[in-house]
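Next come the chains, spelled out residue by residue.
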Amino acid sequence: MQTVLSGIRSTGNLHLGNYYGALRNFIKMQDQYNCYFFVADYHSLTTHPDPKMLHENVKNVLTEYLAAGLDPEKSTLYVQSDIPEISELYLLLNMHAYMGELAKTPSFKEKARKQPENVNAGLLTYPVLQAADILIHRADFVPVGKDQEQHIELTRKFGRRFNNFYGVEFFPEPQAFNFGTNLIKIPGLDGSGKMGKSEGNCIYLKDDPKTIEKKVKRALTDQGPTEHNQEKPECIENLFTILRVVSTPEVVGYFEEKWNTCEIRYGDLKKQLAEDIIAVTSPIRERILAIENDNDYLHKVAKLGAEKARESASKTLNAVREIMGFKAF
Ligand code: TRP
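Residue numbering note: each chain is counted from 1, following its sequence as written. Whole-chain, interface and lining totals are the exception, using all residues; otherwise, since this is a predicted model, local features are given only for residues with pLDDT of at least 70 and side-chain atom pairs are given and counted only at 80 or more. Calculated side-chain values reflect all of the structure's heavy atoms, with hydrogen atoms and water omitted.

**Section: the pairing of strand E1 (residues 3-9)**
Only protein chains enter the area calculation, which uses a 1.4 Å probe; residues under 20% of their type maximum are buried, those over 50% are exposed, and those in between are partly exposed. Secondary structure counts use DSSP, requiring at least four H or I residues in a row for a helix and at least two E residues in a row for a strand, with both numbered from the N terminus. In terms of burial, E1 is a largely internal element, five of the seven residues being buried. Here E1 runs beside strand E2 (residues 34-40); their pairing, made up of seven bridges, is parallel. From the neighbouring strand, Gly7 faces E2, where its bridge partner is Phe38. When DSSP finds two or more bridges between two strands, those strands count as paired.

This is the structure in structure tokens:
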């Protein structure tokens, strides 16, 4: 069976964009692949080194993974920092990663621009840690969005370089998993960009119905169409994009028609949109509320995940150490 692996950085609660962009696909993959899903807490340190929030954020992501439908029996669900083998592989891979190639990675340049006061070495070697995440289970597929393709490409490069340097065929080349038509980018509610870029444009899986109604009501709209069949401005197209994902084709068709004939009332559109988002998120939210205070359950899940992940990780690491020439006295 082929191996699938993906991680989500623990920098806050999961939102509708995480759900449709990643989680929902993870859930479907569980029956067909040997799946590893983890909370990337080390990666969160490159931008959010707040000790008060670290554990809370990990707990939220783990809880929300489970609530959305990831099954700890079917998949291996774990916390990155519970697997010391990842850190060791990261150290070893760093010896074969070059300053120049890391410094020119677009994601590094972007982060360095955003936080000029904190261009730490962890930021520079972020792709090496991500490669360690992937290579430690010798994954075949990594289901991620477009923005992560640069990191998968670097992972392939590091794996190939290792194989060539030591003259082995050890690491397979992981591919970005193609969701095909399922890869949906969920836009934010503030007119442009994707959901998650800022607080105000985000609907969290944990938001209660009142909050969702309020957020959708506040979403940016324009003055309304003035000509039949006119093109929608970005802020309106964004609302339709979310509607297409959460509503039935009939509902979408109804509002398309109202738009095309200039009869659309944004109040009605937003009411429907909020209702259909709530229908999707409510069962997840209920499970979040049931799990989040069940520390015994979360402890069990994390422990089981760590055991399974370490079993696979230690096999890889032992082989890597042997290939590189480490020997015990
Ligand atoms: N960099 C990814 C993100 O920001 C998170 C991540 C860390 C990841 N390690 C990974 C994703 C390994 C896939 C595989 O979304």
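On we go.
**Concerning the site of the ligand**
Only a single heavy atom is needed: when it lies within 4 Å of a molecule or strand, its residue is near that molecule or strand. Not every one of the 14 residues close to the ligand is listed here, only the nearest: Arg9, Tyr126, Gln130, Asp133 and Gln148. A distance of 2.7 Å separates a nitrogen atom of the ligand from a polar side-chain atom of Tyr126. The separation between a nitrogen atom of the ligand and a polar side-chain atom of Asp133 is 2.7 Å. For this scheme, ten residues count as nonpolar: Ala, Val, Leu, Ile, Met, Phe, Trp, Tyr, Cys and Pro. Four count as charged, namely Asp, Glu, Lys and Arg, and the remainder, Gly too, count as polar. Considering only residue class, the shell around the ligand consists of seven nonpolar, five polar and two charged. In protein, a polar contact requires one atom able to donate a hydrogen and another able to accept it; more generally it is a pair of N or O atoms within 3.5 Å, and residues adjacent in sequence count only if both atoms are side-chain atoms.

**Some thoughts on the nonpolar core**
If you look at the biggest cluster of nonpolar residues, it comprises 61 residues, and the most contacted ones within it are Leu23, Tyr65 and Ile277. Looking at this core, the element that brings in the most residues is helix H13 (residues 266-291), giving ten residues. Split by domain, this core shows at least three residues from each of two domains, domain 1 (3-185 + 295-324) and domain 2 (209-289). Residues Leu124, Val142, Phe158 and Phe171 belong to the second largest nonpolar core, which totals 37 residues. Buried Ala, Val, Leu, Ile, Met, Phe, Trp, Tyr and Cys residues form a nonpolar core when they are joined through side-chain atoms within 4.5 Å. For the domain bounds, the source is a domain assignment made automatically or taken from a database.

**A short note on the layout of surface pockets**
Residues are said to line a cavity or pocket when one of their atoms sits within 4 Å of a point; the points come from a 1 Å grid over protein atoms alone, cavities being sets where a 1.4 Å probe fits but cannot get out and pockets being open sets with protein on both sides within 12 Å along at least five of seven lines. Grid points are joined across faces, edges and corners, and a volume is the space filled by probe spheres set on the points. Volume-wise, the second largest pocket comes out at about 190 Å³. Along its surface, the second largest pocket is lined by Asp41, His55, Val58, Lys59, Leu62, Val79, Ser81, Asp82, Asn295, Leu298, His299 and Ala302. Mapped by element, the contributors of at least two residues to the lining of the second largest pocket are helix H3 (51-68) and helix H14 (295-324). Among the residues making up the lining of the second largest pocket, the classes are represented as five nonpolar, four polar and three charged.

**A closer look at the domain arrangement of the protein chain**
What the domain assignment reports for the protein chain is domain 1 (3-185 + 295-324) and domain 2 (209-289). The gap between the C-alpha centroids of domain 1 and domain 2 is 34 Å. Any two residues whose heavy atoms approach within 4.5 Å are treated as being in contact. Each partner contributes residues to the interface: domain 1 has nine residues there, and domain 2 has ten residues. Note on definitions: buried area is the accessible-area loss of two parts on being combined, 1.4 Å probe, summed for both. Between domain 1 and domain 2 lies a buried interface of about 770 Å² when both sides are counted; carbon and sulfur atoms form 78% of it. Of all residues in domain 1, the largest losses of buried area upon contact with domain 2 belong to Leu16, Tyr20 and Ala67, amounting jointly to 58% of the total for that side. For salt bridges, the criterion is a side-chain nitrogen of Lys or Arg within 4 Å of an Asp or Glu carboxyl oxygen. Taken together, domain 1 and domain 2 are joined by zero salt bridges. Counting the contacts that link domain 1 with domain 2 gives one residue pair in polar contact (both at pLDDT 80 or more).

**Quick look at the packing of aromatic side chains**
Working definition: a ring pair exists when centres of Phe, Tyr or Trp rings (six-membered ring for Trp) sit within 6.5 Å. Plane angles under 30 degrees give stacked, over 60 give edge-to-face, the rest tilted. Enumeration according to the criterion identifies twelve aromatic pairs in this entry. Relative to Tyr166, the ring of Phe162 has its centre 4.8 Å away and its plane inclined at 50°; by these criteria the two rings are tilted. Of this pair, Phe162 and Tyr166 both sit in helix H9 (residues 149-166), four residues apart, which is roughly one turn of that helix. Ring geometry for Tyr254 and Phe255: centres 4.9 Å apart, planes at 90°, overall edge-to-face. According to the relative accessible area criterion, Tyr254 is partly exposed, its value standing at 46%. What links up through ring pairs into an aromatic cluster is the set Phe162, Phe165, Tyr166, Phe170 and Phe171. Throughout this description, the term charge over a ring refers to an Arg CZ or Lys NZ atom that lies within 6 Å of the ring centre and within 35 degrees of the ring normal. Here the basic side chain of Lys111 rests over the ring of Tyr126, its NZ or CZ set 5.1 Å away from the ring centre. Its end group placed over the ring of Phe170, Arg138 keeps NZ or CZ at 4.2 Å from the ring centre.

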